[in-house]
Amino acid sequence: NAGVTQTPKFRVLKTGQSMTLLCAQDMNHEYMYWYRQDPGMGLRLIHYSVGEGTTAKGEVPDGYNVSRLKKQNFLLGLESAAPSQTSVYFCASSRGQSTNEKLFFGSGTQLSVL
Amino acid sequence: GENVEQHPSTLSVQEGDSAVIKCTYSDSASNYFPWYKQELGKRPQLIIDIRSNVGEKKDQRIAVTLNKTAKHFSLHITETQPEDSAVYFCAARKGGNYQLIWGAGTKLIIKP
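Attention in this report is confined to the structure presented alongside it.

So, how was this worked out
- Residues numbered from 1 in each chain as written.
- Chains lettered and ligands numbered in written order.
- Predicted model: local features only at pLDDT ≥ 70, side-chain atom pairs only at ≥ 80, totals over all residues.
- Heavy atoms only, no water.
- Helix = DSSP H or I, 4+ residues; strand = E, 2+ residues; numbered from the N terminus.
- Rg over C-alpha atoms; globule rule 2.2 N^0.38 Å.
- Buried < 20%, exposed > 50% of the residue type's maximum accessible area, 1.4 Å probe, protein only.
- Contact = heavy atoms within 4.5 Å.
- Areas by Shrake-Rupley, 256 points an atom, 1.4 Å probe, with all protein chains shown as cover.
- Pairing = 2+ DSSP bridges.
- Axes fitted to C-alpha atoms, helices over the stretch in contact; angles between N-to-C directions.
- Polar contact = N/O pair within 3.5 Å; in protein donor to acceptor, adjacent residues only side chain to side chain.
- Nonpolar A, V, L, I, M, F, W, Y, C, P; charged D, E, K, R; others polar.
- Core = buried A, V, L, I, M, F, W, Y, C linked by side-chain atoms within 4.5 Å.

## Section: the overall build of chain B
And step 1. Broken down by element type, chain B carries zero helices and eleven strands.
And step 2. For chain B, the succession of helices and strands along the chain, N to C, is β-β-β-β-β-β-β-β-β-β-β.
And step 3. Relative to its length of 112 residues, chain B is compact, with a C-alpha radius of gyration of 13 Å against a globular reference of 13 Å.
And step 4. On the principal axes, the C-alpha backbone points of chain B span a range of 40 × 25 × 20 Å.
And step 5. For chain B, buried positions account for 44% of its 112 residues.
And step 6. Intrachain contacts of chain B at a sequence separation of at least 6 include 53% that bridge at least 24 residues.
And step 7. Looking at chain B as shown, the accessible area adds up to about 5,500 Å², and 47% of this sits on carbon and sulfur atoms.

## Section: the sheet that holds strand 7 (residues 62-67) of chain B
Residue and element names in this part refer to chain B.
And step 1. Sheet architecture is open: five strands sit in the order 1-3-8-7-6, paired in antiparallel fashion. Each having just a single partner strand, strand 1 (4-7) and strand 6 (56-59) make up the two edges of the open sheet. Here the average twist between neighbouring strands, direction ignored, is 15°.
And step 2. As judged from the four bridges shared by strand 6 and strand 7, these two strands associate in the antiparallel manner. When the sheet's bridge partners are listed, Asp59 is paired in strand 7 with Ile62.

## A word on the interface of chain A and chain B
Interface size is often expressed as the accessible area that is lost when the parts come together.
And step 1. Each partner contributes residues to the interface: chain A has 23 residues there, and chain B has 19 residues.
And step 2. In this assembly, chain A and chain B are joined by three residue pairs in polar contact (both at pLDDT 80 or more).
And step 3. The set of elements that each furnish at least two residues to the side of chain A that touches chain B consists of strand 4 (31-37) and strand 5 (43-49) of chain A.
And step 4. It is strand 4 of chain A that contributes the most residues to the side of chain A that touches chain B, four residues altogether.
And step 5. A per-class count over the side of chain A that touches chain B returns twelve nonpolar, eight polar and three charged.

## A closer look at the nonpolar core
And step 1. The biggest cluster of nonpolar side chains holds 24 residues, and the ones touching the most others in it are Trp35, Phe73, Leu75 and Leu108 of chain B.
And step 2. Among the elements of the structure, strand 2 (10-14), strand 3 (19-25), strand 4 (30-38), strand 5 (45-51), strand 7, strand 8 (72-77), strand 9 (86-94) and strand 11 (106-111) of chain B are those that each provide at least two residues to this core.
And step 3. Setting aside residues no more than four positions away along its own chain, Leu75 of chain B makes contact with Ala19, Val20, Ile21, Trp35, Ile47, Ile48, Ile62, Ala63 and Tyr88 of chain B.
And step 4. Membership of the second largest hydrophobic core comes to 18 residues, among which are Met32, Val66, Phe74 and Ala81 of chain A.

## Considerations on the sheet that holds strand 1 (residues 4-7) of chain A
All names here are of chain A.
And step 1. Sheet architecture is open: four strands sit in the order 1-3-8-7, paired in antiparallel fashion. Every interior strand has two partners, whereas the edge strands, strand 1 and strand 7 (64-67), have only one. Shown here is a sheet whose adjacent strand axes are inclined to one another by a mean of 20°, direction ignored.

## Points about the side chain of Thr106 of chain B
All names here are of chain B.
And step 1. Here Thr106 is to be found in strand 11.
And step 2. Among the polar contacts made by the side chain of Thr106, one reaches the main-chain carbonyl oxygen of Pro8 at a distance of 2.5 Å.
And step 3. Those residues within four positions of Thr106 in sequence are excluded, and the remaining contacts are Gln6, His7, Pro8, Ser9, Leu11, Ile21, Ala86, Val87 and Tyr88.

## Some points on unusual backbone geometry
And step 1. A cis amide bond, omega -5°, links Thr7 of chain A with the succeeding residue Pro8 of chain A.
And step 2. The peptide bond linking His7 of chain B to Pro8 of chain B adopts the cis configuration, its omega dihedral lying at -5°.
And step 3. Considering the arrangement of structural elements, one finds Pro8 of chain B in the loop between strand 1 and strand 2.
And step 4. Of note in the backbone geometry, Lys71 of chain B takes a positive phi value of approximately 55° without being a glycine.
And step 5. Note on placement: Lys71 of chain B falls in the loop between strand 7 and strand 8.
And step 6. Exposure remark for Lys71 of chain B: the relative accessible area of 26% places this residue in the partly exposed category.
And step 7. Non-glycine residue Glu79 of chain B carries a positive phi angle of around 45°.
And step 8. Among the secondary structure elements, Glu79 of chain B is positioned in the loop between strand 8 and strand 9.

Limitation: the analysis is restricted to geometry and does not speak to function.
Structure below.
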């Protein structure tokens, strides 16, 4: 039981390049989330999904797209990376029986955009 | 919208002493308040949470108190140990809303 797995762990992009971050969970969770973590700002929600085939915008969605084609996977895409997207990205999941549930986080992706 | 302020940003305490971290939220409709601990280079992990129908919750050396009137909640760690060194995040959620609003974090340093 691996929990929540994120790939890659590190990535360096040049401005304008694109990439996809993959999040996979093996706990049969309904809800999945993508956060970014910046120094002194806590965690900010980018997009989330409440079930297979659904996605919704969070607090800071601009410049990102997501897809949840399979229940266990939640993909985060950057179409044209900008230096402002340099951050640590965390995926998380929860069971989905209510909104007040424990979040299980992945180990994070350190992204640098030059 | 909801805003969560967390203080202090850094807290240094002697091993064995108590530590208190305070968060203030703006939306009176918020009803769920979790605390997450993030060790250096690791993922955040839930350590304790409280719902708005409860004033206090304890789990061994950790406790959380909620004051709905003043709109603040606090994390209390007693008999601090070296393994308590980490960044602690508070968060708040409005009922039925999927979005947690997070505080900026408190770096807790335990001095030997």
